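# Fold and geometry: a report
Residues per chain, in single letters:
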Amino acid sequence: MYLSGFDDTGQKVILCDDSQRPFFFAKTFNHTPNDKFLKENSFKPKRFERIYTELPEQVPSEASYYRDDECQTYSNDIYFTIVYCIEKGFVPCSWHEVCFESIEKEIKQDFGFIIIPCRVLEATPYKGDPPNLNPLTLDIECYNPDGGMPNADVDPIIVMGIKTDKEQVVLKAKSETDFRLLADAVDFSLHHNPRTYITYNGNEFDWEYITTRCDVNGLDFPIGFDASSPYRTEYGTIGIKAHPAIDVFGYARHVGSKRKTLYKVHEWMHKNKMVPERKYYEIDRNRIAYMWDNGQEEEVLKHCESDITCAHDIAKAVIPFAIALSRISKVPIDQCLSVPEKVLEEHYLFRIAHKNGYIIPNSDDHGEYPTKGAVVLPPIKGLHHNVAVFDFKSMHPILAVRNNISFETYVNGKWLSKPKGMMTIAMEELLEDLAEAKKQFKTKYSSKYSGEIQAIKTIARAMCPHAYLGYRYARWYSRVAKEEHLRIVRKTLLKTVIYLRHKGLKVIYGDTDSMFVPMKSDNENLRKAICGLILKHTGMEADSEFYSKVFFTEAKKKYIYLDKSGEIHFVGFENARGDWSPLATRTQDKVAKIVMREEDIEKAVKFTSLMLQSLHNRPLKDFVIMKHLSKPIEEYAGTHAHVEIAKRHGVEIDGAIEFVVVNGEKDSSLASRARHPSEIKSLSELDLNYYRNKQIKAAAGRILSYFVEGFDKKVKGEKNVFEKWK
């Protein structure tokens, strides 16, 4: 294992520790010196044999040998790096004082590190601010004469933008080859010696493309501490030795923008005062080669410069959160933003299990079972003025802790109140950390504590019994715990709604842990009094917000609200979805603004009509629909437009898929009429009727159908209904 740090003089050091032997556990009838008593699915410890192997890669095969002998094995599917950190007590993104014994003479390397082969004897965490990660952000633009997704085997990199906190450069290919550009990029990187590398979607595109182009040119990209090139980690992310490679695209899942493009995410973060305002320099990526060949190189260079500036902004805002998420979940910082939340949660639980004497079982598929979900009260549809929203604070983890819901606390048909289950211990620890982080944030108002609060909430949200213990691949699976937790959540919300109605309050909507109550005006004292009633009745604290207006459809979890500052927010509408065209989102956004701010329905209808009439004058980008692959292509059943495009263009999981809908035979499927934008030569190829009926009219109709009689018929395809609105 490689550990990077500093010695007493400030010299950079790499410790190469070979003291940890790989192992797994087995439940056997033999008694050996390596036996250990651990808890499994009850509070009574059982005997397990610890079985060692010579190399980490031998663990799966050795475990398979034991299973063939009808012996159950445990902890044989955990990556060795994680096992090492658990056993040694190392916490990612935290300082440690390390006591070790050298086993060879020190070896000096060319990159400023002293390499020390050793055996780590003790590692003691101590408090201190995390190091300055000194990020270096990079972005590439590639030449593909045919447009569409470039092919790294044949299409060169023509521009590479690189930015640090103090300097930025946009490298340009000076010939048909990118040999010199790649060599200059390595020189720049080594000169600045960053502690971390930043990309936006680098795990799926940039790094793989760069290393492939290096192979084509007979080059290395030696930016690791030992002159190694970037490599693929166990989790599918990119690793660089002693220099974490952080793909901030992974943070996009935490933002409210459903379109996860770089500029959309940056725009959302700017609205939330996380990054500075920037002027985005967008170009059509499918025309990069054409622009490069026809005197528009400067446009491509400006676009790349805009990309690295925005990505660097995002990185500076995200790094405190990433550090906290890595430290709390125990997942390395170059992986924690990209892996699923369930992985973060399980790594956190690994530490809890190890500390409290539990065996860590292997992951398994427990199947899918229908379960009654949380309570969502049907909304009273229409436009409501002056609405207070009451949210329970940390409702799910608090109820789980209060009722001691864990995988081992259900015994003989009853839930034990004592002793505390492993999940209860874990959630109590998270709630305590959250309270402390909030306390520190109030006094110091630091991005460090803001990131810590967000990180704790991220893990706690995924760890609640209904979210984790009922997850089909959970190591600690308990369907009964999931159902019990949801039952208590439903009961708590319904009892609170009944109680508030008994007190003379009208509840117009309820969703899991929140209640919407109309008021005469914004009365903060009254809202505080209602929060006091909720606390007295349930023993749980609640927060409150005030919305000037709320619009509900008949559907649950779908509404629009206007906050006190005049900002409009969408929940569940097309504007908040990423699989609609800009035409649809723009139409619905404008219609919502007119309805919510002006309440002028006629004006909203006229605007929709103008959008319908202007389709022939729109640029191609307004028709582009974007969806992401949420799983491997082979796991999709049936035909889907974005999946068919991904097959043709070789896009992998998590890749962003762009497509437009073209004319086709009557009753032909959407998937058969989907095309990548690079395949479109003229707007006349587009199916404008689809965009009229299924995009613009459908998006506007989600709001206007409540106010305009006959709109529902129009949405279903009836012709000429819209003529009277022109």
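Residues numbered from 1 in each chain as written. Predicted model: local features only at pLDDT ≥ 70, side-chain atom pairs only at ≥ 80, totals over all residues. Heavy atoms only, no water.

## Some details on the overall build of the chain
Assigned secondary structure in the chain consists of 19 helices and 28 strands. Relative to the 2.2 N^0.38 estimate, which gives 27 Å for 726 residues, the radius of gyration of the chain is 28 Å and therefore close to what a compact globule would have. Dimensions of the chain along its principal axes, counting C-alpha atoms only, are 85 × 75 × 55 Å. Counting over 726 residues, the chain shows a buried share of 50%. (Helix = DSSP H or I, 4+ residues; strand = E, 2+ residues; numbered from the N terminus. Rg over C-alpha atoms; globule rule 2.2 N^0.38 Å. Buried < 20%, exposed > 50% of the residue type's maximum accessible area, 1.4 Å probe, protein only.)

## A short note on the sheet that holds strand 5 (residues 46-52)
Judged by pairing direction, the sheet is antiparallel, and its four strands sit side by side in the order 4-5-3-6 without closing on themselves. Looking at which strands have only one partner, the edges of the open sheet turn out to be strand 4 (35-38) and strand 6 (73-74). In the sheet, strand 3 (residues 23-26) pairs with strand 6 via two bridges, with the strands oriented antiparallel. Residue F25 lies in a different strand from strand 6, and its bridge partner there is Y74. (Pairing = 2+ DSSP bridges.)

## Structural notes on the pairing of strand 13 (residues 196-199)
Of the two faces of strand 13, the one holding T196 and I198 and the one holding Y197 and T199 are both buried throughout. As defined by bridge partners, strand 10 (residues 135-142) adjoins strand 13 across three bridges and the pair is classed as parallel. Bridge assignment links L136 to a residue of strand 13, and that residue is Y197. When strand 13 meets strand 16 (residues 245-247), the two strands line up parallel, connected through three bridges. Residue T199 lies in a different strand from strand 16, and its bridge partner there is D247.

## Notes on the environment of S329
Inspection of the secondary structure assignment puts S329 in helix 7 (residues 297-329). According to the relative accessible area criterion, S329 is buried, its value standing at 0%. Put simply, S329 and Y348 are 19 residues apart on the chain and 4.6 Å apart in space, counted from C-alpha to C-alpha. Not counting residues within four places of it along the chain, the set of residues in contact with S329 comprises L344, H347, Y348 and I459. (Contact = heavy atoms within 4.5 Å.)

## Considering helix 13 (residues 479-502)
Between its first and last C-alpha, helix 13 extends 35 Å over 24 residues, near the 34 Å set by a 1.5 Å rise per residue. The first or second residue beyond helix 13 is G504, which carries a positive phi of 90 degrees. (Expected span 1.5 Å × (residues − 1).)

## Some remarks on the packing of aromatic side chains
Taken as a whole and judged by the stated rule, the model has 33 aromatic pairs. Considering the side-chain rings of F23 and F25, the 5.5 Å spacing of their centres and the 80 degrees angle between planes classify their relative orientation as edge-to-face. F25 carries the same exposure label as F23, and that label is buried. Ring plane angle 85 degrees and centroid distance 5.8 Å describe the contact between Y65 and Y66, whose orientation is recorded as edge-to-face. Cluster of aromatic residues (ring-pair linked, three or more members): Y509, F516, Y547, F552, Y559 and Y561. Directly above the aromatic system of F23 lies the positively charged group of R50, at a separation of 4.4 Å from the ring centroid. (Phe/Tyr/Trp six-rings, centres within 6.5 Å; stacked < 30°, edge-to-face > 60°. Lys NZ or Arg CZ within 6 Å of the ring centre and 35° of its normal.)

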